[in-house]
Amino acid sequence: MANRDIRRIINTKQDSLESDGNLSINSMSDGQVSIGKSTNELLSIRKKKYGRIYKSYMSSNGNQIVDKNLAVKGNLNVKGHILGIQYYFFIHNFADNMDTSKIYLPWTTTSEGGDMNASQRSLLTPFKMTLNKLYFRPETLSDGTANFTFGLDKQDDGDTTVDSIATFTYEPTLSSNTMITVSKSDFNNTPTIEAGKKAGLFVQANPDPSDSIDWYVTSVWEVEIVL
């Protein structure tokens, strides 16, 4: 091979695979390989074969994105942590004459009470948890004008001091047998509790809203699972 041919091969550049268009199954020909970026997606390399598109995202920082399920046929060796967000709900139903006392809601059974020092009125958090929704429905009220303060308290690992995390006071008239929804954004602080704490949910009315009736309460939590 002549020197000029070697120089020509060395200086030859491959045609760019990058595409500025919409890389869809209809816009690509069979066998085509392209690099492109769709709206709100990372840069990816795609190949159309047998009427289907095969796609792999490209990373500039070492993070990898998987759109759906990750199937591993061999071993999954992880040197860091596996992080996942899951949603769980807890039932806190109870029956009581609430009067104007601070009532900690039960997490198991229906035993509410004035403190969070009992197993049924506290949850030991295995992971970081955020209260996403709180649903609250009374039975027949004698005073629908009562305000209801909802709150999330905690006890740190190693002590029994009760610390306030977040509160919210519901002031509109509350009707009997009617549900209200308290959202995360309603609280004065983000209702998040770290792993390894004791969590206590409470409600306090003012003035006394009823005699002894059933109260139906459900909480929904965003749980940051780290394995």
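Further up the page is the structure itself.
Here is what the cut-offs are and how they apply
Residues numbered from 1 in each chain as written. Predicted model: local features only at pLDDT ≥ 70, side-chain atom pairs only at ≥ 80, totals over all residues. Heavy atoms only, no water. Patch = residues over 30% accessible without salt bridge, like charges linked within 9 Å, V, L, I, M, F, W, Y side chains within 5 Å. Areas by Shrake-Rupley, 256 points an atom, 1.4 Å probe, with all protein chains shown as cover. Salt bridge = Lys/Arg side-chain N within 4 Å of Asp/Glu carboxyl O. Helix = DSSP H or I, 4+ residues; strand = E, 2+ residues; numbered from the N terminus. Buried < 20%, exposed > 50% of the residue type's maximum accessible area, 1.4 Å probe, protein only. Pairing = 2+ DSSP bridges. Axes fitted to C-alpha atoms, helices over the stretch in contact; angles between N-to-C directions. Core = buried A, V, L, I, M, F, W, Y, C linked by side-chain atoms within 4.5 Å. Polar contact = N/O pair within 3.5 Å; in protein donor to acceptor, adjacent residues only side chain to side chain. Contact = heavy atoms within 4.5 Å.

A few points about a nonpolar patch on the surface
A cluster of nonpolar side chains, contributed by V66, L70, V72, L76, V78, I82 and L227, occupies part of the molecular surface with about 660 Å² of accessible area. Within the secondary structure, L70 is located in the loop between β3 (52–57) and β4 (83–91). What makes L70 exposed here is its relative accessible area of 61%.

Thoughts on the sheet that holds strand β1 (residues 33–36)
Strand order in the open sheet formed by three strands is β1-β2-β3, with antiparallel pairing between adjacent strands. The open sheet has two edge strands with one neighbour each: β1 and β3. Along the sheet, successive strands turn relative to each other by an average axial angle of 25 degrees, direction set aside. Two elements, β1 and strand β2 (residues 44–49), share four bridges in a ladder whose sense is antiparallel. Residue pairing across strands places S34 opposite R46, the latter belonging to β2.

Some details on the pattern of salt bridges
Scanning all chains against the criterion turns up six salt bridges. Notably, a salt bridge pairs D115 with R121, separated by 3.1 Å at the nearest N-O pair. Given a relative accessible area of 32%, D115 falls into the partly exposed group. Given a relative accessible area of 10%, R121 falls into the buried group. Ionic pairing is found between D156 and K197, a salt bridge with its closest N-O pair at 3.2 Å. Here D156 is found in the loop between β9 (147–155) and β10 (162–170), whereas its partner K197 is found in the loop between β12 (192–193) and β13 (198–206), with 41 residues between them in sequence.

Some points on the nonpolar core
Of all hydrophobic cores here, the largest spans 33 residues; its most connected members are M98, F136, F148, F150 and W221. Among the elements that take part in this core, strand β14 (residues 213–226) stands out by supplying six residues, more than any other.

What to know about the environment of S59
By the element assignment, S59 lies in the loop between β3 and β4. Counting along the chain gives 87 residues from S59 to A146, while the straight-line C-alpha distance between them is 55 Å. A polar side-chain atom of S59 sits 2.9 Å from the main-chain carbonyl oxygen of N63.

Observations concerning unusual backbone geometry
A cis geometry characterises the amide bond from N206 onward to P207, with omega recorded as 0 degrees. Positive phi outside glycine occurs at Y50, with the angle close to 55 degrees. With a relative accessible area of 68%, Y50 lands in the exposed category. For N177, which is not glycine, the phi torsion reads 55 degrees and is therefore positive. Among the structural elements, N177 can be located in the loop between β10 and β11 (180–183).

A short note on the pairing of β13
Bridging between strand β6 (residues 102–104) and β13 involves three bridges; their strand directions are antiparallel. Following the sheet pairing, I103 is matched in β13 by V203. Across two bridges, the pairing between strand β7 (residues 123–124) and β13 is antiparallel. Residue pairing in the sheet places L123 in a bridge with A199 of β13. Strand direction decides the pairing type here: β9 and β13, joined by nine bridges, are antiparallel. Looking at the pairing, F148 lines up with A205 of β13.

Topic: the environment of Y135
Structurally, Y135 is set in strand β8 (residues 128–138). In this structure, the C-alpha to C-alpha distance between Y135 and F202, residues 67 residues apart in sequence, is 13 Å.

Considerations on the side chain of S44
Mapped onto the elements, S44 comes out in strand β2. A distance of 3.0 Å separates the side chain of S44 from the side chain of R46, its partner in a polar contact. For S44, the residues in contact, after removing those within four places along its chain, are S34, I35, G36, K55, S56, Y57 and M58.

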